[in-house]
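# Analysis of the macromolecular model
Listed below are the residues making up each chain.
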Amino acid sequence: MTTDHQDTDTTTLDTDVLVVGAGPAGLMLATELRLGGAEVVVVDQRPGPTTESRASTLHARTMEILDSRGLLDELGTPPCEPRGHFGGVPLDLTLPGPYPGQWKVAQTRTEELLQRRAADLGADLWRRHQLLSLTVRDGAAGAAEGVEAETIGPYGPVRIRARYLVGCDGEDSTVRRLVRAPFPGQDARRELLRADVSGISVADRRFQRLRHGLAIAATRDGVTRVMVHEFGRPVAERGGGEPDFTEVTDVWKRVTGEDISQGTPLWVNAFGDANRQLARYRHGRVLFAGDAAHRQMPSGGQALNLGVQDAFNLGWKLAAVVRGSAPEELLDTYDTERRTVGRQVLANIRAQVELLLGGPEVEPARSLLTELLAVDGVRRHLAGMISGLGIRYDVGDAEDAEDVEDAGGVGDVQEVGGLGGAAGGRGLGPDTALGAAGAGVDSGDTAAGHPLLGRRLPDAWLEPTDGGPRRRTTELLRTGRGLLLSLDGSRNGNGNGGGVLRAALEPWADRVAFVAGPPETGGPLPAGQALLVRPDGHVAWAGPRPDGLPEALTRWFGFPAAAG
């Protein structure tokens, strides 16, 4: 990043990427961009990490992501709850993996963790800066392509020139408004009131459905979080502001009969069932991630996790484009992959809202869902959806991916990558990728039919090679580079075609590490196979022979290095 003062009033910064918003998505993105070698400036209106811990759940896939970057040690051992819910109906979230269930981490803690890592890696964070305007430069008249943003901060105006800008500035995104990005969907019709309150004593309630509404309460460290919805009550008009505590106590009393007005509110808010998603996550040199790209009720704790996973998908791709090692078209895979996942999450949230906030008329549907969840395949399907472990990206050719992407609308749950049978036509649910070693794997499989293709790399151990220590796949991802895993039994990577794999990888060796070794017996990795793994941990190519490997390397890791 470079800084200059072209006049006495305005500071001018030049950087590769400008990230607007320092919430979990923006900070995760800054971390990934720096890990990938891109310069990044982050601007945010707030003076520091949020003090209102609105989101408190990290799901299994997000925990794996943090582990793959070595970030979990600082969290210690947060409380884990194996049981979540789907629309208020209890749902066992446990699936094979190192972090089954849901982990209780305050959003404040998550932001502090990501901010420290981003700063350690060299991200430049400008707090208390408000975005005022932005201009996209198309390279006309010899001007450099990129984005120019005007911000105002405590020491005056700052002009930031960047090659790309990413809006991570929340559901009321200023970037989205300035770009005039289409944001179709529905406005809120119902809402939950929520408050953190000290000085009250009420029984814990987990989605208690009463005659007049829904009540939720949980007390931790002397503070009780209450949430309440009154059946049939529409969204209140507040002129864009939050409810006051009196509104919460009045609704709570009508629903539960209890008086909590003697308590002290720490913060109060309301969240409605608005359901919107950008028509495109990429608008040329402006991209979107997190709540700026999708607006949803945070049912099941999915909102924060969805945003962090957006950023994790985008960061390495944008860094590769900025470095010049990959073409801009790589960014289109971010839009295709994450918009498809986002559409599916919004669809499951819409279904949950009906079950959660509907009145007595939804009781038959709730009873039926309760019966269906006793079928383990149904439970695993929904658990994979909520936890993020069921995601399977379509990593086939771009034309096929676009065919899948354009197949339907927001409500078409079957489109999701691997969660209902549409991604690439493979139709594999969480059971396939999370099963035992070799499940559904034939040593003669081609990459196109491999059950791990498009899924996240399972957390597993590789046996020692040449007397070295055992290695864990998740730890191998911590450099932010890609991986080519040769899972042969030779312990040196030269058996079963390992030498050929090394030779095929050589032009990309600066971006992809070669790791060889037999997988642990009985583990989730297929012996005798090779796997190409993207920096975000998803398998991009798989097979026993290097057929198609150079093409996959070119697609996901860019141009081969020139022969030296």
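### Focus on the sheet that holds strand 13 (residues 185-186)
- Strand order in the open sheet formed by three strands is 13-19-22, with antiparallel pairing between adjacent strands. The open sheet has two edge strands, strand 13 and strand 22 (294-295), and neither has a second partner.
- Lying over the sheet, helix 7 (residues 330-357) contacts strand 19 (275-277) and strand 22, oriented at roughly 175 degrees with respect to strand 19.

### A word on the packing of helix 2 (residues 60-68) against helix 6 (residues 302-323)
- Two elements in contact, helix 2 and helix 6, have axes whose closest approach is 10 Å; the angle formed by their N-to-C orientations is 40 degrees. In this view, helix 2 runs oblique relative to helix 6, as classed from their interaxial angle. Of the two possible hands of crossing, helix 2 and helix 6 adopt the one that is left-handed. Contact with helix 2, carried on its side by Arg61, Thr62, Ile65 and Ser68, involves Asn305, Val308, Gln309 and Phe312 of helix 6 and no other residues of that element.
- Taken together, the residues that form the contact of helix 2 with helix 6 break down as three nonpolar, four polar and one charged.

### Side note on the packing of aromatic side chains
- Evaluated as defined, the whole model comprises three aromatic pairs.
- Considering the side-chain rings of Tyr99 and Trp103, the 6.0 Å spacing of their centres and the 80 degrees angle between planes classify their relative orientation as edge-to-face.
- On the numbers, 5.9 Å between centres and 50 degrees between planes, the contact of Tyr281 with Tyr334 is tilted. With Tyr281 in the loop between strand 19 and strand 20 (282-283) and Tyr334 in helix 7, this residue pair connects regions lying 53 residues apart in the sequence.
- Geometry around Tyr164 places Arg285 over its ring, the cationic atom sitting 4.7 Å from the centre.
- The ring of Trp556 is capped by Arg534, whose NZ or CZ atom sits 4.6 Å from the centre of that ring.

### Observations concerning the pattern of salt bridges
- Tallied over the entire structure, the rule returns 47 salt bridges.
- Asp14 is paired through a salt bridge with Arg161; the nearest N and O atoms lie 2.7 Å apart. Here Asp14 is found in strand 2 (residues 11-20), whereas its partner Arg161 is found in strand 12 (residues 156-167), with 147 residues between them in sequence.
- Residue classification places Asp14 among the partly exposed residues on the basis of a relative accessible area of 22%.
- Arg161 sits in the partly exposed class, given a relative accessible area of 26%.
- Residues Glu337 and Arg534 are paired through a salt bridge, measuring 2.9 Å at the closest nitrogen-oxygen approach. Here Glu337, found in helix 7, pairs with Arg534, found in the loop between strand 27 (530-533) and strand 28 (539-543); they are 197 residues apart in sequence, far enough to count as distant.
- Through salt bridges that share partners, Glu191, Glu230, Arg233, Arg238, Glu247 and Arg254 make up one connected network.

### Topic: the pairing of strand 3 (residues 40-44)
- The buried fraction of strand 3 is high, at five of five residues.
- Residues of strand 3 alternate between two faces, with Val40, Val42 and Asp44 on one and Val41 and Val43 on the opposite face, all of them buried.
- When strand 2 meets strand 3, the two strands line up parallel, connected through four bridges. By the bridge assignment, Val17 is partnered in strand 3 with Val40.
- The handedness of the strand 2 to strand 3 crossover, carried by helix 1 (residues 24-35), is right-handed.
- Sheet topology note: the strand 3/strand 9 (residues 124-127) ladder contains four bridges and is parallel. When the bridges of strand 9 are listed, Val42 appears paired with Leu125.

### Some thoughts on the environment of Ala319
- With respect to the element layout, Ala319 can be found in helix 6.
- In this structure Ala319 comes out as buried when scored by relative accessible area, which is 0%.
- Sequence-wise, Ala319 and Gly37 are 282 residues apart; in three dimensions their C-alpha atoms are separated by 6.3 Å.
- Non-local contacts of Ala319, meaning those with residues more than four positions away in its chain, are made with Leu33, Gly36 and Ala38.

### Considerations on the sheet that holds strand 14 (residues 191-198)
- Judged by pairing direction, the sheet is antiparallel, and its five strands sit side by side in the order 15-16-17-14-18 without closing on themselves. Looking at the sheet topology across the chains shown, the edges are occupied by strand 15 (205-209) and strand 18 (264-272). For this sheet, the mean angle separating the axes of adjacent strands, direction not counted, is 15 degrees.
- Judged from the six bridges that link them, strand 14 and strand 17 (residues 223-230) form a sheet pairing that is antiparallel. Across the sheet, residue Arg194 finds its bridge partner in strand 17, namely Met227.
- Each of strand 14, strand 15, strand 16 (213-220) and strand 17 is contacted by helix 7, which is oriented at about 70 degrees to strand 15, the strand it contacts most.

### Side note on helix 7
- Counted at 1.5 Å a residue, the expected span for helix 7 with its 28 residues is 40 Å, and the 40 Å between its end C-alpha atoms agrees.
- Burial of helix 7 is extensive: 24 of the 28 residues sit out of reach of the surface.

### What about the nonpolar core?
- Core analysis: the largest hydrophobic core is formed by 118 residues, its most contacted members being Leu485, Leu531 and Leu532.
- Of all the elements, helix 6 adds the most residues to this core, at 12 residues.
- With near-sequence residues (within four places) excluded, Leu531 lies in contact with His450, Leu452, Leu457, Leu483, Leu484, Leu485, Leu487, Leu525, Val539, Trp541 and Ala542.
- With 17 residues, the next largest nonpolar core counts Ile200, Val202, Phe245 and Ile260 among its residues.

### Some details on the environment of Leu66
- In this fold, Leu66 is placed in helix 2.
- Overall, the relative accessible area of 3% leaves Leu66 in the buried class.
- Residues Leu66 and Thr474, 408 residues apart in the sequence, show an inter-C-alpha distance of 9.9 Å.
- Contact partners of Leu66, with chain neighbours within four places excluded, come to Leu58, Leu71, Leu72, Leu75 and Leu114.

### Here's the deal with unusual backbone geometry
- Notably, Arg128 is not glycine yet its phi reads approximately 55 degrees, a positive angle.
- One can find Arg128 in the loop between strand 9 and strand 10 (130-137).
- Residue Arg128 is classed as partly exposed on the basis of its relative accessible area of 48%.
- The residue Asp221 is not glycine, and still its phi comes out positive at about 55 degrees.

### Observations concerning the environment of Leu192
- Within the element layout of this structure, Leu192 appears in strand 14.
- Along the backbone, Leu192 and Asn269 are 77 residues apart, and their C-alpha atoms lie at a distance of 8.7 Å.
- Aside from chain neighbours lying at most four places away, what touches Leu192 is Leu214, Met227, Val228, His229, Asn269, Ala270, Phe271, Met297 and Leu357.

### Side note on the confidence of the model for the chain
- Per-residue confidence for the chain gives a mean pLDDT of 88, with 86% of residues at or over 70.
- Note that pLDDT drops below 50 for residues 397-447; the model gives that stretch 114 contacts with residues more than four away or on any other chain.

Parameters at a glance
Residues numbered from 1 in each chain as written. Predicted model: local features only at pLDDT ≥ 70, side-chain atom pairs only at ≥ 80, totals over all residues. Heavy atoms only, no water. Pairing = 2+ DSSP bridges. Helix = DSSP H or I, 4+ residues; strand = E, 2+ residues; numbered from the N terminus. Contact = heavy atoms within 4.5 Å. Axes fitted to C-alpha atoms, helices over the stretch in contact; angles between N-to-C directions. Parallel < 35°, antiparallel > 145°, perpendicular 65-115°, else oblique. Left-handed = near helix turned anticlockwise from the far one by under 90°. Nonpolar A, V, L, I, M, F, W, Y, C, P; charged D, E, K, R; others polar. Phe/Tyr/Trp six-rings, centres within 6.5 Å; stacked < 30°, edge-to-face > 60°. Lys NZ or Arg CZ within 6 Å of the ring centre and 35° of its normal. Salt bridge = Lys/Arg side-chain N within 4 Å of Asp/Glu carboxyl O. Buried < 20%, exposed > 50% of the residue type's maximum accessible area, 1.4 Å probe, protein only. Right-handed = clockwise from strand over helix to strand, strands pointing away. Expected span 1.5 Å × (residues − 1). Core = buried A, V, L, I, M, F, W, Y, C linked by side-chain atoms within 4.5 Å. pLDDT = per-residue confidence, 0-100.

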